[in-house]
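Coordinate inspection notes
Below, each chain spelled out in residue letters.
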Amino acid sequence: MKQYIEIRLVEIIENLCDSSNFECNNMVEEHEEHIEAWWFKWKKKNPDLFKWLCIEKIEVCCPAGTYGPDCLACLGGSERPCHGNGRCDGDGTRGGDGSCSCNKEHKGEFCLDCADGYYNSHRNDTHSVCTACHNSCKTCTGAANTDCQDCKEGWTKNEEACVDVDECAVEDSPCNGDQYCLNTDGSFSCRACDISCVECTGEGPDRCKSCIAGYEMEEEKCTDVNECALPEKVCVRENEDCVNTPGGYKCVCTEGFEDKDGVCAPIIKTEEEAPENSSSPAATHEDL
Ligand SMILES: [Ca+2]
């Protein structure tokens, strides 16, 4: 019978900690004697091994909601440390100072006050619920934009509420010369003008203030100039064609001619190239 019990104890010790939890395994190894003593002697009177070993025997832990060498109650009390709105430093250990790190909605020593951007939707001596303000408020007393105390950056207070600042409505645009300003709620952004624009007031070629070289204003829109259609020829060499491109043009030798030393000369087919060029797709299929 004793042997059977010992086997069970060994199994229990082996399974007390996660294999990856180094600290836990270390502690079990270090205090194996205590655990054995508890198993054979103290288990009945003190069924909670954690409490008996960690808190009372080796004095590493404290009961939940308490901290420090003497296991003092956390701020806000051991029942609901930090009034349930934060974490108590050293909670459950013999370390720490019992102070509160509040969650993002709360602030203050006891985590009862609301952080900027939140207001107390419920509050008494021990409970505090903080709820998010309207997007436009830095601080507020309620949920609506009319409940703002201070406005967030990018918003300004009129008689009633915090309203968006139109950053784009000013004389000097906050954007670069090749960008236009786009107002948004609480902010603004700078977007690139159409490539055909020199400065613009909005998106697209119809919002240009003026056009870059190669484009001209046509029906209030910067339109590509077709240089190839101008009365005066722009491609002047013999056997040369004009190809219009967005914002420019290209002069290329007519089919059958190639650029040689600055002139368009007839292409002389070499012997290797000739058969390849003459074979039609149908002929290729027959070859297979
Ligand atoms: Ca704005």
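Residues numbered from 1 in each chain as written. Predicted model: local features only at pLDDT ≥ 70, side-chain atom pairs only at ≥ 80, totals over all residues.

Re the overall build of the protein chain
- Within the protein chain, the secondary structure is distributed over six helices and 22 strands.
- The C-alpha atoms of the protein chain give 41 Å as radius of gyration, which overshoots the globular expectation for 288 residues (19 Å, by more than 25%).
- Considered along the principal axes of its C-alpha atoms, the protein chain spans approximately 110 × 75 × 35 Å.
- Classification of the 288 residues of the protein chain by burial places 18% in the buried group.
- Considering only intrachain contacts with a sequence separation of at least 6, the fraction spanning at least 24 residues in the protein chain is 19%. (Helix = DSSP H or I, 4+ residues; strand = E, 2+ residues; numbered from the N terminus. Rg over C-alpha atoms; globule rule 2.2 N^0.38 Å. Buried ≥ 20, exposed ≤ 12 C-beta atoms within 10 Å, placed from the backbone. Contact = placed C-beta atoms within 7 Å.)

A few points about the UniProt feature "domain: EGF-like" (unreviewed entry) in the protein chain
- With numbering matched to this structure, UniProt assigns "domain: EGF-like" (unreviewed entry) to residues 224–263.
- Span residues 224–263 is 0% helix and 45% strand, its end C-alpha atoms 28 Å apart. (UniProt positions renumbered as here; feature names shortened; annotations may be inferred.)

Observations concerning the pairing of strand E7 (residues 118–123)
- Pairing geometry for E7 and strand E8 (residues 128–132), over five bridges, is antiparallel. Counterpart to tyrosine 118 in the pairing with E8 is alanine 132.
- If you look at the hairpin formed by E7 and E8, you'll find four residues sitting between the two strands. (Pairing = 2+ DSSP bridges.)

Overview of the domain arrangement of the protein chain
- Taken domain by domain, the protein chain holds domain 1 (2–57), domain 2 (66–132), domain 3 (172–225) and domain 4 (227–272).
- Each of domain 1 and domain 4 has a C-alpha centre, and the two are 92 Å apart. (Domains from an automatic or database assignment.)

Considerations on the nonpolar core
- With eleven residues, the main nonpolar core is built from Cys114, Tyr118, Tyr119, Cys130, Cys133, Cys137, Cys140, Cys148, Cys151, Trp155 and Cys162.
- Setting aside its immediate chain neighbours within four residues, tyrosine 119 contacts Cys114, Cys130, Thr131, Cys133, Cys140, Thr141 and Gly142.
- Counting nine residues, the second-largest nonpolar core is a separate cluster that includes Tyr67, Cys74, Cys82 and Leu112. (Core = buried A, V, L, I, M, F, W, Y, C linked by C-beta atoms within 7 Å.)

A word on the packing of helix H3 (residues 32–42) against helix H4 (residues 49–57)
- Following both chains from N to C, one finds H3 and H4 inclined at 130°, their axes separated by 11 Å at the closest point. Accordingly, the angle class assigned to the pair H3 and H4 is oblique. The chirality of how H3 crosses H4 is right-handed. When H3 is examined against H4, the residues His34, Ile35, Trp38 and Trp42 are found in contact with a partner set consisting of Leu49, Trp52, Leu53 and Lys57. (Axes fitted to C-alpha atoms, helices over the stretch in contact; angles between N-to-C directions. Parallel < 35°, antiparallel > 145°, perpendicular 65-115°, else oblique. Left-handed = near helix turned anticlockwise from the far one by under 90°.)

So, the confidence of the model for the protein chain
- Averaged over every residue, the pLDDT of the protein chain is 89; residues scoring 70 or more account for 92%.
- Below pLDDT 50 for its whole length, residues 278–288 participates in one contact with residues either more than four positions away or in separate chains. (pLDDT = per-residue confidence, 0-100.)

Points about unusual backbone geometry
- Positive phi, close to 50°, is recorded for glutamate 219, a residue that is not glycine.
- By secondary structure assignment, the location of glutamate 219 is in the loop between strand E17 (215–218) and strand E18 (221–224).

Notes on the environment of proline 205
- Mapped onto the fold, proline 205 is located in the loop between strand E15 (197–200) and strand E16 (208–211).
- You can call proline 205 buried: it has 20 C-beta atoms within 10 Å.
- Residues proline 205 and aspartate 194, eleven residues apart in the sequence, show an inter-C-alpha distance of 5.5 Å.
- Not counting residues within four places of it along the chain, the set of residues in contact with proline 205 comprises Asp194, Ser196, Cys197, Lys221 and Cys222.

Thoughts on the environment of histidine 127
- By secondary structure assignment, the location of histidine 127 is in the loop between E7 and E8.
- On the basis of neighbour counts, which here come to 12 C-beta atoms within 10 Å, the residue histidine 127 falls in the exposed class.
- For the pair histidine 127 and glycine 84, spaced 43 residues apart in sequence, the C-alpha to C-alpha distance is 8.1 Å.
- With sequence-adjacent residues up to four places away left out, histidine 127 is seen in contact with His83 and His122.

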